[in-house]
Amino acid sequence: MRKSSTFIQLAIVGGGPMGLLLIQRLLDHFEGNLSIDVFEREATVGAGMPYSQLGAADEHIANVSANELPAVLRSIETWVNKQEKTMLDRFSVSAEEFNAYKALPRLFLGSYLSDEFARLAHRCAAKGFDIKIHYQCEVIDIIDLPASSSVTIVHTNGRTIVDKAIICSGHFWPKHNEGRVEGYFDSPYPPAKLNGKNNYAIAIRGASLTAIDAVRTLARNNGYFYETTAGSIAYRRNPDSEEFRLVMHARNGLLPAVRFHLEDAQLGRGELLSMEEIEQIKSENEGFIPLDYLYEHVFLDRINKYGSAMKDTVNALTMEEFVEKMMEYREDIDPFELLEQEYREAARSIRNRTSIYWKEMLAVLSYTMNYPAKYFSAEDMLRLQKTLKPLISIVIAFVPQQSVEELLALHQAGVLSLQEVGEESKVEPLETGGVRYHYTDQSGQQVSDRYTMFVDCVGQPMLSMSDLPFESLKKSETVAPAMVKFRSQLNGAEAYANGIKGVGKGQDGNFYMQLPGLAINDYFQLTDVYGRVNERLYMLAVPFIGGFNPDYSGLDFTEEASMRVVEALGMQI
């Protein structure tokens, strides 16, 4: 049943996928007089950074398929049937033989999302919602006005006063050396900035999906992929790029795992802990949700439920022991050899429509713990960061098959290598251009490699409160840093004495650990230093919620987060 809204004016800061899903939810849940102002700094809406030319080129593939898209949107199969053949041919998509299980090109997916946004805007108008999209309009500041229960949006075209504002401004990479040091790039986005010939070795920091984006773009700038007579993919450098090489630098020397068939395409979205369950678990654990509870009741329970061949082994292991076992296995094999093995394993999984259950359950665990993570103790948050998150970040990257084929072809051509650099590596920008990459190799030798070009590809950095561009929210103390409390104050005192980053005493005298990003509640409403909820302001900007939401990216996260925000808006009626 739809509800009539008592608030009249709503601002959505950012017109990407999150803004798209918020509008869809609003249409589904509200009726009456509602004015929506969407502020988008770019010329298009719907696609956001990852699915537009800001974050992708034709060669970049999404790590989701059509059957994994949010169910509240129109079927992409329906949309594909209405597209021009030239557009489908550009991305090698067939309307007649459309495969809902195949990962989609990111720009192709972005076109779909943009069209969905336009469709929803028309629906808003038809249902009496007044929607105004401010294109190429950057929000400069946001001013919270408690006395008048309103929010002022300060933007490049002036000021707009609304009742509530939802900040979903998307990805953001601060520039530190890019533009100042020749050959230094703080991120590989937009990909067009990497265009050019590179007849030398290029250092890439990281081995994530972000790094793979850079690899695929740079490879095309300096050579070409072709199909061999055996049907495999190979790579050849251009004559003027004979010295072109790519060196990925990873702390653990590991490559991410390969996309496989998911039994549950929605990754347990319908099995999240309810608010009642969360409160019950907290009441039994001094206000905390134990990480071990989620590991046992989400991961292990599902391993047993699906009858995985690994269940007898896994059930005997603690979380730390399980992670150690999985990481040791990966570390004992050459990363490209392991990538080829997992490529074949994933191909069988996709061909037979059978999951690799322990990997799927790990993805479900990551998704499920995303929301109660703010109730972890500092001890458990440290365990998560040190132990579980490194494995999760590798296993659930879901590298598309086509990307793997190109990585293997580049490696076989002697173009791509991976260097383990450990935790203490350092990148030194050089005033003359390029960098020196300092690290200790596996034999214990100090290494200092000089590179003409460097691309930082560690992914979206989680930013702190000081990085927030809206000064009025900081000055008025409307925002506060995300923090978790130590369950044992003795542990907190020890962590503080040992100089663990972010650990300190709170105003109540207890020890806390400060996390990246801002403090928010279960509905993404901002909370201040006293824990007071701000019912006018919602924070969904990816770089500023990672502390309390460790698995904060992807359309699955976007779908759930949009629902929670609209649910909170409904409570205020």
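Structure: above.
Now for a description of the structure that goes with this document. (Residues numbered from 1 in each chain as written. Predicted model: local features only at pLDDT ≥ 70, side-chain atom pairs only at ≥ 80, totals over all residues. Heavy atoms only, no water.)

A few words now on the packing of aromatic side chains. Scanning the entire structure with this criterion turns up 19 aromatic pairs. Centroid distance Phe322 to Trp358: 6.0 Å. Interplanar angle 80°. Geometry classified as edge-to-face. With a gap of 36 residues between them, Phe322 in helix H9 (residues 319-331) and Trp358 in helix H11 (residues 357-369) connect regions that are remote in the sequence. Here Phe322 matches Trp358 in class, with each residue buried. (Phe/Tyr/Trp six-rings, centres within 6.5 Å; stacked < 30°, edge-to-face > 60°. Helix = DSSP H or I, 4+ residues; strand = E, 2+ residues; numbered from the N terminus. Buried < 20%, exposed > 50% of the residue type's maximum accessible area, 1.4 Å probe, protein only.)

Another point: the sheet that holds strand S19 (residues 435-440). One open sheet accounts for 3 strands, arranged S18-S19-S20; its pairing is antiparallel. A strand with exactly one partner marks an edge of an open sheet, and here the two such strands are strand S18 (426-429) and strand S20 (446-451). Across this sheet, the average inter-strand angle for adjacent strands is 20°, counted without regard to direction. Relative to S20, S19 is paired through 6 bridges, and the arrangement is antiparallel. Of the residues in S20, the one forming a bridge with Tyr437 is Asp449. (Pairing = 2+ DSSP bridges. Axes fitted to C-alpha atoms, helices over the stretch in contact; angles between N-to-C directions.)

Of note, the bond from Tyr189 into Pro190 is cis; its omega dihedral lies within 30 degrees of zero at -5°. Following the sequence through the fold, Pro190 ends up in the loop between strand S12 (184-185) and strand S13 (201-205). Here the phi dihedral of Arg353 falls at roughly 55°; this positive angle occurs in a residue that is not glycine. Here Arg353 lies in the loop between helix H10 (335-352) and H11. For Arg353, a relative accessible area of 43% gives the class partly exposed. One non-glycine residue, Phe398, adopts positive backbone phi at about 55°.

Our focus in this paragraph is the side chain of Arg330. Summarising the element assignment, Arg330 is placed in helix H9. Once residues lying within four places of it in the same chain are set aside, the contact partners of Arg330 are Leu254, Leu255, Pro256, Ala257, Leu338, Glu342 and Ile394. (Contact = heavy atoms within 4.5 Å.)

Of note, Arg259 is situated in the loop between strand S16 (245-250) and helix H6 (275-283). On the basis of relative accessible area, Arg259 is assigned to the buried category, the value being 4%. Other than its neighbours up to four places away in sequence, Arg259 contacts Asn63, Val64, Ser65, Glu68, Tyr101, Ala103, Ala346, Ile350, Phe398, Val399, Pro400 and Gln401.

On the surface, Glu321, Glu324, Glu328, Glu331 and Asp332 cluster together into a patch of negative charge. Relative to the assigned elements, Glu321 resides in helix H9. (Patch = residues over 30% accessible without salt bridge, like charges linked within 9 Å, V, L, I, M, F, W, Y side chains within 5 Å. Areas by Shrake-Rupley, 256 points an atom, 1.4 Å probe, with all protein chains shown as cover. Salt bridge = Lys/Arg side-chain N within 4 Å of Asp/Glu carboxyl O. Lys, Arg positive; Asp, Glu negative; His and termini not counted. Charge placed at Lys NZ, Arg CZ, Asp CG, Glu CD.)

Opposite charge on two side chains permits them to pair, given that their charged atoms come into close proximity. Under the counting rule described, the total for this entry stands at 27 salt bridges. Residue Asp528 pairs with Arg532 through a salt bridge whose shortest N-O separation is 2.7 Å. Given a relative accessible area of 12%, Asp528 falls into the buried group. By sharing partners, the salt bridges in this structure join Asp292, Glu320, Asp380 and Arg383 into a single network.

Turning next to the pairing of S13. Where burial is concerned, most of S13 is hidden: 4 out of the 5 residues are buried. Across 5 bridges, S13 lies against S16 in parallel orientation. Looking at S16, one finds that Arg205 is bridged to His249. Two strands pair when backbone bridges link them, and S13 and strand S21 (residues 453-456) are joined in this way by 4 bridges, in the parallel orientation. Of the residues in S21, the one forming a bridge with Ala203 is Phe454.

To continue, consider the environment of Phe117. With respect to the helices and strands, Phe117 occurs in helix H4 (residues 106-126). On the basis of relative accessible area, Phe117 is assigned to the buried category, the value being 1%. Residues Phe117 and Glu420, spaced 303 residues apart in sequence, show a C-alpha to C-alpha distance of 43 Å.

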